[in-house]
Every structure is written in structure tokens, then in C-alpha cells.
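In case you want the letters, here they are:
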Amino acid sequence: NAGVTQTPKFQVLKTGQSMTLQCAQDMNHNSMYWYRQDPGMGLRLIYYSASEGTTDKGEVPNGYNVSRLNKREFSLRLESAAPSQTSVYFCASSRMQGPGELFFGEGSRLTVL
Amino acid sequence: DQQVKQNSPSLSVQEGRISILNCDYTNSMFDYFLWYKKYPAEGPTFLISISSIKDKNEDGRFTVFLNKSAKHLSLHIVPSQPGDSAVYFCAAGGNYGQNFVFGPGTRLSVLP
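Remember, predicted model here, so these are calculated numbers, not experimental data.

**A look at the overall build of chain B**
Here is step 1: For chain B, the count of helices and strands is 0 helices and 11 strands.
Here is step 2: Reading the helices (α) and strands (β) of chain B from amino to carboxyl end gives β-β-β-β-β-β-β-β-β-β-β.
Here is step 3: Against the 2.2 N^0.38 benchmark of 13 Å for 112 residues, chain B shows a C-alpha radius of gyration of 13 Å, consistent with a compact globule.
Here is step 4: Overall, chain B is about 40 × 25 × 20 Å in size when its C-alpha atoms are taken along their principal axes.
Here is step 5: Burial analysis of chain B (112 residues in total) assigns 48% to the buried set.
Here is step 6: Nonlocal contacts in chain B, meaning residues at least 24 apart in sequence, comprise 54% of its contacts between residues at least 6 apart.

This is the structure:
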């Protein structure tokens, strides 16, 4: 029972490079989310997908794009990485948007030099 | 402006005593609240939740209290154990498709 799986766990990028963070869940959840965690800021929502085929911006979407590839997978892309995107990224899923528990992956630590 | 605040960045408690973690929110539309626990290098894990129709919810050593008029909730851990040492996040959301907003977290250290 893997739950929510994120790859890669660690990545170092140079400013201007691009990369994609992958996320997959095996709980048959409808909703998926990408958060970033920065010191003193808690978890801030970047993008979410309430259901397969839909994506919407969260609190801090600038510099990111997402793709809900299918019900299981939700990827986050940085087209031109900036040092301000140095952070720990968490993917999460839930049965549906609204009340109820979020299940998180282990996180991906990204450093942009 | 943060909609969910946890004003104590850190808290130290002796093993066996009570830990009280506090959370305040500003948006009166929030009506569902969760606490998450996070160990280093791991993702947050769900601890306990409460809906606005209740003012208390218990699960073993963990109790969450909600004071809607004060827009305040608290998590009580009794008795505290060294394994409870972690960062605790409060999150608030709504019953109508609102996404959850997280507080900045409180680092709890339970001393043996």
C-alpha cells in the first residue's frame, strides 16, 4: 500500500532549467494537490485538481504548470526554475475536494542555484 | 495576511505532561479543521479533525477543541510522549469545496 508516491526525492537545478515532479496515488482518490513548504510559511497550495480532467490555481501558482495525466497521476512542472522556487514540494490526494483527510507524499526537496 | 495562525513556533513539554497547541483562524467560512503531524524528511500525516458542528473531538491521547466565536482551536495531547516530538500543522477548510489553508506549524519537543 504505497499511498502517494513522489519522484524525485531530491533535485538540484540551475536557474533557468526545467523539471517535472511526478506524483501518483493508488487510493482511487478524485482530488490531487501540490503544496510547497517554506520555513515559517506552512504549506501553501500551488495547484490542485478537483477531479480527473480539471486543474485550478491555488495560492501560489506563478512559475508552475500542472498536468492531471489520469486519475492516478498529477505532475508539477517548473518551466524556468528560479531560486525563489527552492522549497520542499508535497503532493497530496483526497477522496474528494472539501471536508476530509488529505494524504501526503514524502516530499521532494528542490534546490535552485 | 495569514488566514490560519499558529503563534507559537515551538513548544517544549516534559514527558507525561499535557501539550497544548493553539491555532487561530480569520475566515468565518471555515467549518472543517484538521491537525497534521510531520516528522523530519516525511510527509505530513493526519492526526485528528473537527467539524464546526462540534466543539470537541477525542481520539485516544489527542483531543481537539473548537471555539467558533473566538475562531480558535487547540490540540491537547495527554500524556505527552517523546514520540510526539514533531511539527504540528493546523489546517482549515470548508464543506463546500474550499481547499485547506495550513498554518505555519508548531514544533513540539517532548523531553524525557
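There's plenty left to go through after this.
**Some points on a nonpolar patch on the surface**
All names here are of chain B.
Here is step 1: Taken together, the side chains of Ile18, Ile20 and Val78 present a nonpolar region at the surface, about 230 Å² in accessible area.
Here is step 2: Mapped onto the elements of the fold, Ile18 is located in the loop between strand S2 (10-14) and strand S3 (19-25).
Here is step 3: The exposure class assigned to Ile18 is partly exposed, which follows from its relative accessible area of 42%.

**What to know about the interface of chain B and chain A**
Here is step 1: Counting residues at the interface gives 20 residues for chain B, matched by 19 residues for chain A.
Here is step 2: Of the roughly 1500 Å² buried between chain B and chain A on both sides combined, carbon and sulfur atoms contribute 60%.
Here is step 3: Together, Asn99, Phe100 and Phe102 of chain B form the three largest contributors to the area buried by chain B at its contact with chain A, with a combined 34%.
Here is step 4: Scanning the region where chain B abuts chain A turns up 0 salt bridges.
Here is step 5: Counting across the interface, chain B meets chain A through 1 residue pair in polar contact (both at pLDDT 80 or more).
Here is step 6: The element best represented in the side of chain B that touches chain A is strand S4 (residues 32-38) of chain B, accounting for 4 residues.
Here is step 7: Classifying every residue of the side of chain B that touches chain A by side-chain character gives 10 nonpolar, 8 polar and 2 charged.

**Notes on unusual backbone geometry**
Here is step 1: Put simply, Thr7 of chain A and Pro8 of chain A share a cis peptide bond, and its omega is -5°.
Here is step 2: Structurally, Pro8 of chain A is set in the loop between strand S1 (4-7) and strand S2 (10-13).
Here is step 3: Following Val78 of chain B, the chain continues into Pro79 of chain B via a peptide bond in cis, with omega recorded as -15°.
Here is step 4: Of note, Ala41 of chain B is a non-glycine position whose phi angle comes to about 65°, a positive value.
Here is step 5: In this fold, Ala41 of chain B is placed in the loop between S4 and strand S5 (45-51).
Here is step 6: Phi at Lys71 of chain B takes a positive value of approximately 50°, unusual for a residue other than glycine.
Here is step 7: The residue Lys71 of chain B is located in the loop between strand S7 (62-67) and strand S8 (72-77) in this model.

**Topic: the pattern of salt bridges**
Here is step 1: With the rule as written, the count across this model stands at 7 salt bridges over all chains.
Here is step 2: The partner of Glu79 of chain A in a salt bridge is Arg77 of chain A, with the nearest N and O atoms 3.1 Å apart.
Here is step 3: Of the charged contacts in the structure, one is a salt bridge between Asp84 of chain B and Lys37 of chain B, with a shortest N-O distance of 4.0 Å. Within this pair, whereas Asp84 of chain B is found in the loop between S8 and strand S9 (86-93), its partner Lys37 of chain B is found in strand S4, the two being separated by 47 residues in sequence. Both residues of the pair, Asp84 of chain B and Lys37 of chain B, belong to the buried class.
Here is step 4: Members of the salt-bridge network, linked through shared partners, are Arg36, Asp38 and Arg44 of chain A.

**Some details on the environment of Ala50 of chain A**
All names here are of chain A.
Here is step 1: Residue placement: Ala50 occurs in the loop between strand S5 (42-49) and strand S6 (56-57).
Here is step 2: Considered as a pair, Ala50 and Leu102 are 52 residues apart in the sequence and their alpha carbons are 13 Å apart.
Here is step 3: Aside from chain neighbours lying at most four places away, what touches Ala50 is Asn30, Ser31 and Gln97.

Rules and cut-offs
- Residues numbered from 1 in each chain as written.
- Chains lettered and ligands numbered in written order.
- Predicted model: local features only at pLDDT ≥ 70, side-chain atom pairs only at ≥ 80, totals over all residues.
- Heavy atoms only, no water.
- Helix = DSSP H or I, 4+ residues; strand = E, 2+ residues; numbered from the N terminus.
- Rg over C-alpha atoms; globule rule 2.2 N^0.38 Å.
- Buried < 20%, exposed > 50% of the residue type's maximum accessible area, 1.4 Å probe, protein only.
- Contact = heavy atoms within 4.5 Å.
- Patch = residues over 30% accessible without salt bridge, like charges linked within 9 Å, V, L, I, M, F, W, Y side chains within 5 Å.
- Areas by Shrake-Rupley, 256 points an atom, 1.4 Å probe, with all protein chains shown as cover.
- Salt bridge = Lys/Arg side-chain N within 4 Å of Asp/Glu carboxyl O.
- Buried area = accessible area lost by both parts, 1.4 Å probe.
- Polar contact = N/O pair within 3.5 Å; in protein donor to acceptor, adjacent residues only side chain to side chain.
- Nonpolar A, V, L, I, M, F, W, Y, C, P; charged D, E, K, R; others polar.

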